[in-house]
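# Summary of structural features
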Amino acid sequence: MRNKVTKAIFPVAGLGTRFLPATKSVPKEILTLVDRPLIQYAIDEARAAGIKEFIFVTSRGKGALEDYFDHSPQLESELRRKGKKELLKTLKETNMDSGAIAYIRQHKAMGLGHAVWCARRLIGNEPFAVILPDDVIAAEKPCLKQMVEAYEETGGSMVAAMEVPHDKTSSYGILDVEQQFGNMLPVRGMVEKPAQGTEPSNLAVIGRYILAPSVLNNLNKIKAGSGGEIQLTDAIAQEIAEGRRVNGLRFDGQRFDCGSKAGFLQATISFALARHDLRDELFDYMNSVVAMDRAAQ
Ligand code: UTP
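Residues numbered from 1 in each chain as written. Predicted model: local features only at pLDDT ≥ 70, side-chain atom pairs only at ≥ 80, totals over all residues. Heavy atoms only, no water.

Attention now goes to the packing of helix α10 (residues 261-273) against helix α11 (residues 279-296). Across the interface, α10 lies against α11 with an axial gap of 8 Å and an inter-helix angle of 130°. What the angle tells us is that α10 and α11 run oblique. Judged by residue contacts, Ile269, Ala272 and Leu273 of α10 engage Arg279, Leu282, Phe283 and Met286 from α11. Per-class residue counts for the contact of α10 with α11 are six nonpolar, no polar and one charged. (Axes fitted to C-alpha atoms, helices over the stretch in contact; angles between N-to-C directions. Helix = DSSP H or I, 4+ residues; strand = E, 2+ residues; numbered from the N terminus. Parallel < 35°, antiparallel > 145°, perpendicular 65-115°, else oblique. Contact = heavy atoms within 4.5 Å. Nonpolar A, V, L, I, M, F, W, Y, C, P; charged D, E, K, R; others polar.)

With the rule as written, the count across this model stands at 20 salt bridges. A salt bridge links Asp176 to Arg188, with the nearest nitrogen and oxygen atoms 3.2 Å apart. Highlighted residues: Asp176 in strand β9 (residues 173-177) and Arg188 in strand β10 (residues 184-192), separated in sequence by twelve residues. The class for Asp176 is partly exposed, based on a relative accessible area of 22%. A salt bridge links Asp277 to Arg275, with the nearest nitrogen and oxygen atoms 3.0 Å apart. Overall, Asp277 belongs to the partly exposed group, its relative accessible area being 45%. Each of Asp35, Arg275 and Asp277 takes part in salt bridges that share partners, so that together they form one network. (Salt bridge = Lys/Arg side-chain N within 4 Å of Asp/Glu carboxyl O. Buried < 20%, exposed > 50% of the residue type's maximum accessible area, 1.4 Å probe, protein only.)

When helix α8 (residues 214-221) is considered as a whole, its buried residues turn out to be Ser214, Val215, Leu216, Asn218 and Leu219. Structurally, α8 contributes buried residues whose contacts are with α5 (112-118), α6 (120-123), β6 (128-131), β8 (157-163), β11 (203-211) and α9 (232-241).

With that settled, consider a nonpolar patch on the surface. Residues Tyr285, Val289 and Met292 make up a contiguous nonpolar surface patch of roughly 330 Å² in combined accessible area. Positionally, Val289 belongs in helix α11. The exposure class of Val289 is partly exposed, given its relative accessible area of 33%. (Patch = residues over 30% accessible without salt bridge, like charges linked within 9 Å, V, L, I, M, F, W, Y side chains within 5 Å. Areas by Shrake-Rupley, 256 points an atom, 1.4 Å probe, with all protein chains shown as cover.)

For the rest of this paragraph, the subject is the packing of helix α3 (residues 73-81) against helix α4 (residues 85-92). Helix packing for two helices is described by the angle between their axes and how far apart those axes are. Packing of α3 against α4 leaves a shortest axis separation of 8 Å and a crossing angle of 160°. It follows from the interaxial angle that α3 and α4 lie roughly antiparallel. The interaxial crossing formed by α3 with α4 has left-handed handedness. Between α3 and α4, the residues in contact are Leu75, Glu76, Leu79 and Arg80 and Leu87, Leu88, Leu91 and Lys92, respectively. For the contact of α3 with α4, the class distribution of residues is five nonpolar, no polar and three charged. (Left-handed = near helix turned anticlockwise from the far one by under 90°.)

Further remarks concern the side chain of Thr233. Structurally, the position occupied by Thr233 is in helix α9. Every residue in contact with Thr233, bar those within four places of it in the chain, is listed here: Gly173, Met190, Val191 and Glu192.

This brings us to the environment of Lys193. Along the chain, the position of Lys193 falls in the loop between β10 and β11. When the C-alpha atoms of Lys193 and Ala204 are compared, they prove to be 9.6 Å apart, with eleven residues separating the residues in sequence. If near-sequence neighbours (up to four positions away) are discounted, Lys193 is found in contact with Thr169, Ser170, Ser171, Tyr172, Gly173 and Ser226.

A few words on the site of the ligand. Around the ligand, 16 residues are found, and the nearest of them are Leu15, Thr17, Lys28, Gln106 and Gly111. The contact in question runs from an oxygen atom of the ligand to an N or O atom on the side chain of Lys28, over 2.7 Å. One of the backbone nitrogen or oxygen atoms of Gly111 is found 2.7 Å away from an oxygen atom of the ligand. Computed on the free molecule, the ligand has an accessible area of 570 Å², of which 82% lies beneath the protein chains in the complex. Counting atoms within 2 Å of the grid points, the majority share of the ligand lands in the largest pocket. Per-class residue counts for the shell around the ligand are eight nonpolar, five polar and three charged. (Near = heavy atom within 4 Å. Polar contact = N/O pair within 3.5 Å; in protein donor to acceptor, adjacent residues only side chain to side chain. 1 Å grid on protein atoms, 1.4 Å probe; cavity = no way out; pocket = protein on both sides within 12 Å on 5 of 7 lines; lining within 4 Å. Sits in = over half its atoms within 2 Å of the grid points.)

This part covers the packing of aromatic side chains. Per the counting criterion, the structure on display carries eight aromatic pairs. Each ring, one from Phe10 and one from Phe56, has its centre 4.9 Å from the other, and the planes form 15°; the classification is stacked. Here the residue Phe10 occupies a position in strand β1 (residues 7-11), and Phe56 occupies one in strand β4 (residues 53-58), the gap between them amounting to 46 residues. Under the relative-accessibility criterion, Phe10 is labelled buried at 0%. On the basis of relative accessible area, Phe56 is assigned to the buried category, the value being 0%. Each ring, one from Tyr68 and one from Phe69, has its centre 5.2 Å from the other, and the planes form 80°; the classification is edge-to-face. The class of Tyr68 is partly exposed, set by a relative accessible area of 21%. An aromatic cluster of three or more residues is present, and its members are Phe10, Phe54, Phe56, Tyr68, Phe69 and Tyr103. Taking NZ or CZ as reference, Arg36 lies 5.0 Å from the ring centre of Tyr41, over its face. (Phe/Tyr/Trp six-rings, centres within 6.5 Å; stacked < 30°, edge-to-face > 60°. Lys NZ or Arg CZ within 6 Å of the ring centre and 35° of its normal.)

This is a description of form; function is not addressed.
See below:
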């Protein structure tokens, strides 16, 4: 019987430089798509996949993130008094059970692998998920749930994979796979941000992982890699080198890179258009903007 995946690490200790000056005082994960912060999408996805323990790797200046999950008795009683049941329900979704959430500090942004390693004592000897909240995935069945179901069949470690244009591969961890067809991709190698023209495929790893605890041991030994950072990709590649199984899962869904401005704006439009209370007004506005732009050309 395979261990169930009940713990997830959310590495949120990065500097978020691409969103400066906003991220000077607001954590990137608190930036909102319509009216929900990025972190809420990540938490909802984790809950839907059966995660019970939520481990945040944070850094200086992320206080707003910790406050976000606190209960807010005053606000709740005010909404109750005014009979605002829907808002009360929305607010309750942000609450975490006591003891379900933990914060670990990464003292220096030394890379994603290092951030995951910082949480090692809270993981112990069981498989765990890693979710990067700036990758937001719109999917009928949440991406991590797809992965947990696939993992229950395969074991080992699993990464979410998607095809990207070849000229973008140098921005991602890229998979070297045994075969390219189907959704389950047995991985025989992984390379972080390969130089243009050296990429083993155009299958990129995006921010969802289910990892065997042995990956944490690998992180103990790994030296700084691409960009001078401790890379999670290198620790997963080590699994393959030591004969343990790693699979890529080509998930169903649309991924938005909300760590970039263009991706964040695309997600904002897409999520707003999916909302029946906003769709018509936004659609009309977008049509008028496009028409004005065309007329001006
Ligand atoms: P990014 O590569 O997007 O870096 O990290 P960043 O600092 O968040 O943003 P930019 O590039 O400066 O704009 C991917 C994920 O890994 C986390 C980040 O918080 C983000 O969720 N991370 C990265 C850490 O937790 N620690 C690190 O040392 C690096």
